[in-house]
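Secondary and tertiary structure notes
The primary structure of each chain is shown beneath.
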Amino acid sequence: MAKLFKVEIITRSEKLSALKSALAQHNVKGMTISNVMGAGNQKGKTEIYRGSETTIDLLPKIRIEILTEASMVDSIVAIAKKELNTGNAGDGKIILIPIDNVIRIRTGQEGEDAL
């Protein structure tokens, strides 16, 4: 069985459209997208709310999860790095997770066939 990976990307929500378009041009089809909250090097931000200073240390982000075969990982990472980089703190992270198997519930297909 070929090696499978989950590419998990956590980034700014306003970058989602550009990333989806770029991935679609390279025939990356399936992905799961979730709204998440997080804190990292960006350290949150300070705002004035009803006259008092408030620190917001969990910021809204999106998490994109893509299951793919090993041969596509490098191109997905390159596309994500290009599309998501603003040069500022808070651009996000790309996490690569090896997957032993994927099973499509409806058909019982496994591995790459289940993608």
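Just above, that's the structure.
Residues numbered from 1 in each chain as written. Predicted model: local features only at pLDDT ≥ 70, side-chain atom pairs only at ≥ 80, totals over all residues. Heavy atoms only, no water.

**Quick notes on the overall build of the protein chain**
Quick reminder of the rule: Per the convention used, a helix needs a DSSP run of H or I reaching at least four residues, while a strand needs a run of E reaching at least two, with both numbered from the N terminus. Partly exposed describes any residue whose relative accessible area lies between the buried limit of under 20% and the exposed limit of over 50%, with all areas from a 1.4 Å probe on protein chains only and scaled to the type maximum. The contact definition used throughout considers only heavy atoms, calling two residues in contact when any of these lie within 4.5 Å. Only the protein chains shown count as cover for residues, and all accessible areas are computed by the Shrake-Rupley method using a 1.4 Å probe.
Looking only at helices and strands, one finds two helices and six strands in the protein chain. Across the 115 residues that make up the protein chain, the buried fraction comes to 30%. Taking the contacts inside the protein chain whose residues are at least 6 apart along the sequence as the reference set, 72% of them involve residues at least 24 apart. Surface exposure of the protein chain reaches about 7,600 Å², of which carbon and sulfur atoms provide 49%.

**A short note on the nonpolar core**
This is how the line gets drawn: We call a set of buried residues a nonpolar core when its members are Ala, Val, Leu, Ile, Met, Phe, Trp, Tyr or Cys and they connect through side-chain atoms within 4.5 Å of each other.
One finds Ile9, Leu19, Leu23, Ile64, Ile66 and Ile76 to be the most contacted residues of the largest nonpolar core, which totals 18 residues. Residue assignment for this core shows that the elements contributing at least two residues are strand E1 (4-11), helix H1 (16-25), strand E5 (59-69) and helix H2 (70-84). Counting residues per element, this core draws most heavily on H2, at seven residues. When near neighbours in sequence (up to four residues on either side) are disregarded, isoleucine 66 contacts Phe5, Lys6, Val7, Leu23, Val28, Gly30, Met31 and Ile76.

**Re the sheet that holds strand E2 (residues 32-38)**
Paired through their backbone hydrogen bonds, the strands of a sheet run either parallel or antiparallel. Definition in use: For two strands to pair, DSSP has to find at least two bridges joining them. Inter-axis angles, ranging from 0 to 180 degrees, are taken between N-to-C directions of lines fitted to C-alpha atoms, where helices are fitted over the stretch in contact.
Strands sit in the order E2-E5-E1-E6 across an open sheet of four strands; the sheet is antiparallel. The two strands at the open ends of the sheet, each matched to only one other strand, are E2 and strand E6 (93-99). Pairs of neighbouring strands in the sheet enclose a mean axial angle of 25°, with direction left out of account. Sheet analysis places E1 next to E5, joined by eight bridges and oriented antiparallel. Bridge assignment links lysine 6 to a residue of E5, and that residue is leucine 67. Strands in contact with H1 are E1, E2 and E5; relative to E5, the strand with the most contacts, it is inclined by about 10°. Against the sheet, H2 contacts E1, E5 and E6, and its axis sits at roughly 155° relative to E5.

**Side note on unusual backbone geometry**
Backbone geometry at asparagine 27 places phi at a positive 65°, although glycine is not the residue there. By secondary structure assignment, the location of asparagine 27 is in the loop between H1 and E2.

**Things to note about the pattern of salt bridges**
We count it as follows: Only one rule defines a salt bridge in this text: a Lys or Arg side-chain nitrogen within 4 Å of an Asp or Glu carboxyl oxygen.
Taken as a whole and judged by the stated rule, the model has three salt bridges. Between arginine 12 and aspartate 91 there is a salt bridge, with its nearest N and O atoms 3.1 Å apart. Pair noted here: arginine 12 is in the loop between E1 and H1 and aspartate 91 is in the loop between H2 and E6, with a separation of 79 residues, a long-range link. One network of salt bridges, with partners in common, ties together Lys6, Glu8 and Glu65.

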